[in-house]
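Structural overview for review
The residues making up each chain are set out below.
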Amino acid sequence: MFGTLMLFVAPTLALRLLGVLGVRRFATWRVAAAHGLAFLFTMTGLAHFMPDSVTVMPSHNDLAAMVPSAIPFAHFAVYATGVLELAGAAGLVFAATRRWAGIGLAALLVVMIPANIHAAVEDIPLNGEPPTPLWFRIPEQIVYFVLALWVSRTLPVAWYNRAAERPRTAVAGN
């Protein structure tokens, strides 16, 4: 249940530690979190293309089973969302594309809620494991949604203070 969350938390903490140790790219929590989300979406995006023989993550067929029957072309939908997750992950890595990637991933998370609900209600296993219960999965999706908007700087200004997130630099004469 916490596996997907750890795909975000562990890389984000590791990258932020690198920032503390002097790697300027990860000097802020926002940039470390953007890269942590990129890692998460890379791993979940890759699952959309995995054959059943891969047992370390859900397979394409596992994810296709999550798609509600009202949605046509379930296998195509899984491939398409996988491509979008991978593209969004790549977009989060670069400051120039981070805003649109975050907005796109936030929208994709909303679009995928019916599949998560369907999997939980119909008890559809993922990689042989029971689906994540809705009481955990929906709040988890909300966290990723907010994070995607936060790293892309599209949340209302009241949600963050841009000045507080600037990396500290030495001032001449001090």
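Now for a description of the structure that goes with this document. (Residues numbered from 1 in each chain as written. Predicted model: local features only at pLDDT ≥ 70, side-chain atom pairs only at ≥ 80, totals over all residues. Heavy atoms only, no water.)

Examining the environment of T97
Along the chain, the position of T97 falls in helix α5 (residues 95-111). The sequence separation of T97 and S152 amounts to 55 residues, and the corresponding C-alpha distance is 8.7 Å. Setting aside chain neighbours within four positions, we find T97 in contact with A90 and G91. (Helix = DSSP H or I, 4+ residues; strand = E, 2+ residues; numbered from the N terminus. Contact = heavy atoms within 4.5 Å.)

As for a nonpolar patch on the surface
On the surface, a cluster of nonpolar side chains totalling about 470 Å² of accessible area is made up of L17, L18, V20, L21 and V23. The topology assignment puts V23 in the loop between α1 (3-20) and α2 (29-47). (Patch = residues over 30% accessible without salt bridge, like charges linked within 9 Å, V, L, I, M, F, W, Y side chains within 5 Å. Areas by Shrake-Rupley, 256 points an atom, 1.4 Å probe, with all protein chains shown as cover. Salt bridge = Lys/Arg side-chain N within 4 Å of Asp/Glu carboxyl O.)

Regarding the packing of α2 against α5
In contact at an axis separation of 12 Å, α2 and α5 are set at 50° when each is read in the N-to-C sense. One element, α2, and the other, α5, form an angle in the oblique class. Crossing handedness for the pair α2 and α5: left-handed. From α2, V31, A34, H35 and F41 reach across to α5, where they touch R98, L105 and L109. Among the residues forming the contact of α2 with α5, the class breakdown is five nonpolar, one polar and one charged. (Axes fitted to C-alpha atoms, helices over the stretch in contact; angles between N-to-C directions. Parallel < 35°, antiparallel > 145°, perpendicular 65-115°, else oblique. Left-handed = near helix turned anticlockwise from the far one by under 90°. Nonpolar A, V, L, I, M, F, W, Y, C, P; charged D, E, K, R; others polar.)

Looking at the packing of aromatic side chains
On inspection of all chains with the given rule, the structure shows three aromatic pairs. Arranged with centres 4.9 Å apart and planes meeting at 75°, the rings of F2 and F136 form a pair that is edge-to-face. With F2 in the segment before α1 and F136 in helix α7 (residues 134-151), this pair connects stretches of sequence that are 134 residues apart. Residue classification places F2 among the partly exposed positions, given a relative accessible area of 47%. (Phe/Tyr/Trp six-rings, centres within 6.5 Å; stacked < 30°, edge-to-face > 60°. Buried < 20%, exposed > 50% of the residue type's maximum accessible area, 1.4 Å probe, protein only.)

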